[in-house]
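Examination of the molecular architecture
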Amino acid sequence: MATLHLHNLLPNPTSFKSPFSTRPRPRSNSVRCGGEATQVSSSSETNRVTVSNGNDSLDICRVLNGMWQTSGAWGRIDRDDAVEAMLRYADAGLSTFDMADHYGPAEDLYGIFINRVRQERPPELLEKVRGLTKWVPPPVKMTSSFVRDSINVSRKRMDVASLDMLQFHWWDYANPGYLDALKHLTDLKDEGKIKTVALTNFDTERLQIILENEIPVVSNQVQHSIVDMRPQQQMAELCQLTGVKLITYGTVMGGLLSEKFLDTNLSIPFAGPPLNTPSLQKYKRMVDAWGGWSLFQTLLQTLKRSASKHGVTIPNVAVKYILDQRGVAGSMIGVRLGLSEHIQDSNAVFSLALDEDDISSIEEVTKKGKNLLQVIGDCGDEYRR
C-alpha cells in the first residue's frame with residue numbers, strides 16, 4: 001500500500017478548526033486513501049453497512065447491541081436469561097453485539113450465544129451475527145507474544161477462531177507503544193485470527209498517525225450524540241478523507257435522551273427519575289458541561305415533537321440523527337440482557353427519515369449549547385484528562 005501523507009491533506013489536528021456544523025451532509029460511497037479506495041457501502045438492507053479498508057471488510061448492523069451493561073453495575077445478569085435475550089435480538093435482525101475484555105462476562109456470554117446460534121438457528125442467521133470486542137491493555141511494552149496471548153483470551157472466551165473486529169484502546173499517548181500493539185494486531189489479522197482491526201476512543205491526531213503508519217483500521221468507536229457533536233469536527237474531516245468510519249456510543253446518553261426524562265427537574269431531590277446507573281451519571285455530567293438541564297429539557301421537547309410527528313420515540317430520533325451524520329457507520333444502544341428489552345423500538349430506527357424541519361429544529365437548540373470540543377477536547381480526551 002502506498003505511504004499515506006495525511007498531513008498534506010489535513011492541517012495539524014492541534015490547530016485545525018472546523019465549523020461547528022451538525023447538519024448531515026451527503027455521503028460518498030468511496031473515499032480514496034493513499035491511492036487505494038476504501039469502500040463503505042450500505043447493503044440492500046437498510047439496517048446493515050459494510051466497513052472496509054483495503055482487503056479487510058466487515059458488514060454490521062447499523063444499530064449495535066452494546067454490552068457494557070453486562071458488567072454488573074446495572075443489576076445482576078442471569079446467564080441463561082441473557083443468552084435467550086441475545087437470541088431474540090439476533091432473530092429480530094439486531095445481530096451485531098459490541099463488548100470488551102473488561103465488560104464482566106460479556107465475551108463469555110457471546111461464546112455461549114454463538115454456539116446456540118450454530119446449533120439452533122439456520123446458517124443464514126449465523127452468517128449475519130457479528131461479535132465486536134475491545135482490547136484495553138495497560139500501557140506496558142507491547143511485545144508480539146503479549147498481544148497474541150491477550151487476543152487469544154478473547155478468542156477463547158467468545159469461542160471463535162477469528163474475531164470479527166478487534167477495537168483497540170490506549171490510555172497514554174505519551175507512550176508510543178500503541179503503534180507496536182497495532183502492528184502486532186495487524187500481523188494477527190494477516191494470520192486469520194482477527195478479521196478487522198479498529199480503534200476505540202482515539203483522537204484525530206493519533207488516528208492520523210496510525211494511518212500514516214499504514215495500519216488498516218476500518219473504524220473508530222467514539223462517544224457521539226446530539227449533545228456531544230465533537231466527532232463532527234476534526235474527526236469527521238479526517239474520516240471523509242480516509243474512509244475510516246465511526247461507530248458511536250452514548251448516542252441515547254444512557255437513556256437521558258428519552259421520554260422518561262422529559263419534563264423533569266433534577267434539581268429538586270426525588271422529583272425526577274433516579275440517576276441510578278453508571279451511564280446515566282456519566283451522561284448527566286456531559287449535559288452539565290454542554291448547557292445544563294434547562295437547555296436539555298428544551299432539546300427533549302424538540303425531539304418529542306419530531307418523534308410524535310413520525311410516530312416514533314425520542315431515542316429513535318436521537319439515534320437516527322447521529323446515523324445520518326458524516327462518517328457514521330453504526331450507533332450503539334445498550335442492552336440490559338434479561339432485565340429489559342427494546343427490540344421493536346430499535347428496529348423502528350430503520351424506517352425513520354428525518355426531514356429538514358426536524359433537523360433545523362434540533363440544530364436551533366443545539367447551537368445554544370457549548371462546543372464540547374473546546375470544553376473537553378477531542379474524541380476520547382475525557383478518558384485522558
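Model, not experiment: these values are computed from the prediction.

Rules used throughout
Residues numbered from 1 in each chain as written. Predicted model: local features only at pLDDT ≥ 70, side-chain atom pairs only at ≥ 80, totals over all residues. Heavy atoms only, no water. Salt bridge = Lys/Arg side-chain N within 4 Å of Asp/Glu carboxyl O. Helix = DSSP H or I, 4+ residues; strand = E, 2+ residues; numbered from the N terminus. Buried < 20%, exposed > 50% of the residue type's maximum accessible area, 1.4 Å probe, protein only. Pairing = 2+ DSSP bridges. Axes fitted to C-alpha atoms, helices over the stretch in contact; angles between N-to-C directions. Contact = heavy atoms within 4.5 Å. Phe/Tyr/Trp six-rings, centres within 6.5 Å; stacked < 30°, edge-to-face > 60°. Lys NZ or Arg CZ within 6 Å of the ring centre and 35° of its normal. Core = buried A, V, L, I, M, F, W, Y, C linked by side-chain atoms within 4.5 Å. pLDDT = per-residue confidence, 0-100.

Another aspect to go through is the pattern of salt bridges. Considering all chains together, one arrives at 28 salt bridges under this definition. Put simply, glutamate 84 and arginine 116 hold a salt bridge, and the shortest N to O gap is 2.9 Å. Of this pair, glutamate 84 sits in helix α1 (residues 79–91) while arginine 116 sits in helix α2 (residues 106–120), placing them 32 residues apart in sequence. A salt bridge links lysine 189 to aspartate 190; its shortest N-O distance comes to 2.9 Å. Judged by its relative accessible area of 11%, lysine 189 is buried.

As summarised here, the arrangement of the 8 strands in space is β5-β6-β7-β8-β9-β10-β11-β12, forming a closed barrel in which the pairing is parallel. Averaged over all neighbouring strand pairs, the angle between strand axes comes to 30°, with direction disregarded. Against the sheet, helix α4 (residues 144–158) engages β7 (130–135), β8 (163–168) and β9 (194–200), with an angle of about 145° to β7.

A regular strand places its side chains on the two faces of the sheet in alternate fashion. In terms of strand pairing, strand β3 (residues 48–53) meets strand β4 (residues 56–61) through 6 bridges, oriented antiparallel. Residue pairing for β4: serine 52 is matched across the bridge by serine 57. What sits between β3 and β4 in their antiparallel hairpin is a turn of 2 residues, with glycine 54 showing a positive phi close to 65°.

As a further point, take the packing of aromatic side chains. Following the criterion strictly, the structure yields 11 aromatic pairs and no others. On the numbers, 6.0 Å between centres and 45° between planes, the contact of tyrosine 173 with phenylalanine 202 is tilted. With tyrosine 173 in the loop between β8 and α5 (177–190) and phenylalanine 202 in the loop between β9 and α6 (204–212), this residue pair connects regions lying 29 residues apart in the sequence. In this pair, the class of tyrosine 173 matches that of phenylalanine 202, namely buried. Just above the ring of tyrosine 173 sits the side chain of arginine 206; from NZ or CZ to the centre is 4.0 Å. Positioned above the aromatic ring of phenylalanine 202 is the side chain of arginine 384, whose terminal nitrogen or guanidinium carbon lies 6.0 Å from the ring centre.

Formed by 113 residues in total, the largest nonpolar core has its most connected members in Tyr110, Phe113, Phe168, Leu185 and Phe296. Ignoring any residue separated from it by four or fewer positions in sequence, one finds leucine 185 in contact with Trp135, Val147, Ile151, Leu166, Phe168, Ile194 and Val197.

Once that is clear, we can look at the side chain of threonine 200. Relative to the helices and strands, threonine 200 resides in strand β9. Other than its neighbours up to four places away in sequence, threonine 200 contacts Lys134, Gln167, Phe168, His169, Asn220 and Gln221.

Attention shifts here to the confidence of the model for the chain. On average, the chain scores 89 in pLDDT, and the residues at 70 or more come to 88%. Counting interchain partners and residues more than four positions distant, the pLDDT-below-50 stretch residues 1–44 has 96 contacts.

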